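Inside the fold
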Amino acid sequence: DAKKGSFGTLFMFLIDEYGDDASVLSGLHSNMHSFSWAGSPIPLFEDNIECLQPLLSHKRSSVRVWSQRCIDEYKSEIKRETSQEEYMRMHYER
């Protein structure tokens, strides 16, 4: 039930009601990082950043801090993946 660029109602319910519970945030984080993918994962990381952006102004400070950490982590993963993709193109595409 989620639109592109936003989380679904269950995710938001958990964030709104249990956002101060570190185990809930950890579980959500784990779920966001559990996927299979063909091709570059960068678009998925960018979509997740877009979904996390509104949480930077959430009423719970724990959610704001958590979402910023997640965004920082995704940005780091994008840099790492971009570097890896460039390396693969340079060495294996002809």
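Remember, it's a predicted structure, so these values are computed and weren't measured experimentally.

Topic: the side chain of Asn 48
With respect to the helices, strands and loops of the structure, Asn 48 is situated in helix H3 (residues 42-52). Taking relative accessible area as the criterion, Asn 48 reaches 12% and is therefore assigned buried. Polar side-chain contacts of Asn 48 include one of 2.8 Å to the side chain of Tyr 74. Setting aside residues up to four positions removed in sequence, Asn 48 forms contacts with Met 32 and Tyr 74.

Some points on the confidence of the model for the protein
The predicted model of the protein averages 92 in pLDDT, with 96% of residues at 70 or higher. Taking the mean pLDDT of every element in the protein, the minimum, 93, falls on helix H4 (residues 61-92) and the maximum, 96, on helix H1 (residues 9-18).

Digging into helix H2 (residues 22-32)
Think of an α-helix as 3.6 residues a turn; residues three or four steps apart then line up on the same face. Residues of H2 that are buried: Val 24, Leu 25, Leu 28 and Met 32. An end-on view of H2 places all buried positions within 95° of arc, on one side of the element. Away from its buried face, by an angle of more than 90 degrees, H2 presents the exposed residues Ala 22 and Ser 23. For H2, the secondary structure elements touched by its buried residues are H1, H3 and H4.

Comments concerning the packing of aromatic side chains
One pass over the structure, following the stated rule, counts six aromatic pairs. On the basis of an interplanar angle of 90° and a centroid distance of 6.2 Å, the ring pair of Phe 35 and Trp 37 is categorised as edge-to-face. With relative accessibility at 41%, the residue Trp 37 sits in the partly exposed group. One aromatic cluster in this structure is built from Phe 35, Trp 37, Phe 45 and Tyr 74.

Conventions used here
- Residues numbered from 1 in each chain as written.
- Predicted model: local features only at pLDDT ≥ 70, side-chain atom pairs only at ≥ 80, totals over all residues.
- Heavy atoms only, no water.
- Helix = DSSP H or I, 4+ residues; strand = E, 2+ residues; numbered from the N terminus.
- Buried < 20%, exposed > 50% of the residue type's maximum accessible area, 1.4 Å probe, protein only.
- Polar contact = N/O pair within 3.5 Å; in protein donor to acceptor, adjacent residues only side chain to side chain.
- Contact = heavy atoms within 4.5 Å.
- pLDDT = per-residue confidence, 0-100.
- Arc of directions from axis to C-beta.
- Phe/Tyr/Trp six-rings, centres within 6.5 Å; stacked < 30°, edge-to-face > 60°.

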